[in-house]
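# Coordinates in review
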Amino acid sequence: MLAVTRSTRAKNQQAKEQRAREQRAAAGERLVEAAREYAARGWATVTGASAPAAGDRACSCDRIGCPDPGAHPVSTGWARQATTDRETLDRWWERTPDANVILPTGRVFDVFDVPAETGLAALSAMAAAGAEAGPVAAVGGERYLFFVATRGAPEDEAEWWSCHLDCSPETLADTPGMRWHCRDSYVVAPPSVLPFGRAVSWVRPPDGSGLPDPLRVLEFLVD
C-alpha cells in the first residue's frame, strides 16, 4: 500500500511539473510572438527581466532589492540593442523564453505612464468628447500606459525632459503621478508577466491607425 501511495505521488508530481513546463512554453511563445508583432509595426524591442516562477527573488536580475521587478531591460546596452529584426528576436527568446518584452520610447512613440484611476477617468472623458485615445496598456492594476506620437528630439529640448530609467528605474517611487516616457526611456509591454501574478495587458490594443497627439492626450490626463 505504501509503495502504491509513493508511486501515485511521484506520478502526480511528474504531471504537475509537465503542466508547468507546458505553461512556461506557451507563455514564452506568446512573448516572442508579441515581439514579432511589435517589430512588424516598426516598434523596436529588447528582452527584459522576468519574474521567477519560484524562489525568494521577485526579479530574475542580479540586483538586490530590484525596484522594478520584471519590468526593465536585461542589458545596460538596451538602447543600442533594441531591434525589429525577426531573426534576432527569435534568437533572443529562444535563449530566454520567459524574458519580458521591453519597448524603447522616443523613437516611434512616447508613453504617458499614469496611475490606473487617472487612466480610467481620462479614457471615460476622451470617449465622451469623441477624442482618440490610441493604444493603452495596463500594468497590473496599478498603472496605465498611453501610447502617443513621439516628440522625438525637438529644437526646444530645454522645455522637455527624459526619464533615463535605464540608470535609475526607482524614479517611479519619486514620481508616483504621471511620467512621460520619451527619449532614453522604455516601458514593459504586453503580454509580459510581473511578480505576484500581475500581468501587462492591452486595454486598447494598437490597430494600425496613427498615434494620437501627445498634447491632446495630456490635456485629458491633466484634467
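Calculation rules
Residues numbered from 1 in each chain as written. Predicted model: local features only at pLDDT ≥ 70, side-chain atom pairs only at ≥ 80, totals over all residues. Heavy atoms only, no water. Helix = DSSP H or I, 4+ residues; strand = E, 2+ residues; numbered from the N terminus. Phe/Tyr/Trp six-rings, centres within 6.5 Å; stacked < 30°, edge-to-face > 60°. Pairing = 2+ DSSP bridges. Core = buried A, V, L, I, M, F, W, Y, C linked by side-chain atoms within 4.5 Å. Buried < 20%, exposed > 50% of the residue type's maximum accessible area, 1.4 Å probe, protein only. Contact = heavy atoms within 4.5 Å. Axes fitted to C-alpha atoms, helices over the stretch in contact; angles between N-to-C directions.

Moving on: the environment of Asp-184. Following the sequence through the fold, Asp-184 ends up in the loop between β6 (179-181) and β7 (186-189). Put simply, Asp-184 and Arg-107 are 77 residues apart on the chain and 9.5 Å apart in space, counted from C-alpha to C-alpha.

Before going further, it helps to examine the packing of aromatic side chains. The tally for this structure, following the rule as stated, stands at eight aromatic pairs. Ring geometry for Trp-78 and Tyr-186: centres 5.1 Å apart, planes at 75 degrees, overall edge-to-face. Of this pair, Trp-78 sits in helix α2 (residues 78-81) while Tyr-186 sits in strand β7, and the two are 108 residues apart along the sequence. Members of the aromatic cluster, connected to one another through ring pairs, are Tyr-38, Trp-43, Phe-109, Phe-147 and Trp-202.

Okay, the sheet that holds β7 next. Pairing is antiparallel across the open sheet formed by three strands, whose spatial order is β1-β2-β7. With one partner strand each, in any of the chains shown, β1 (46-47) and β7 form the two edges of the open sheet. Bridging between strand β2 (residues 101-104) and β7 involves four bridges; their strand directions are antiparallel. Bridge assignment links Leu-103 to a residue of β7, and that residue is Val-187.

Within the largest apolar cluster, 31 residues are counted, with the highest numbers of intra-cluster contacts made by Tyr-38, Trp-93, Val-101, Leu-103, Leu-145 and Phe-147. When contributions to this core are tallied by element, the ones reaching two or more residues are α1 (2-40), α3 (86-95), β2, β3 (109-115), β4 (136-139), β5 (143-149) and β7. At six residues, α1 tops the list of elements feeding residues into this core. When sequence neighbours within four positions are dropped, the list of residues in contact with Leu-145 reads Val-111, Phe-112, Asp-113, Pro-135, Val-136, Ala-137, Val-139, Val-187 and Val-188. Residues Phe-112, Tyr-144, Trp-180 and Leu-218 belong to the second largest nonpolar core, which totals 19 residues.

Another aspect to go through is the sheet that holds β4. Here we have five strands laid out as an open sheet, ordered β6-β3-β5-β4-β8, and antiparallel in their pairing. Each of the sheet's edge strands pairs with one partner strand only, and the pair in question is β6 and β8 (200-204). Direction aside, neighbouring strands of the sheet carry axes that sit 25 degrees apart on average. The sheet contact formed by β3 and β5 spans seven bridges and is antiparallel. Directly across from Val-114, in β5, lies its bridge partner Tyr-144. Here helix α4 (residues 116-129) sits on the sheet in contact with β3, β4, β5 and β8, set at roughly 50 degrees to β5.

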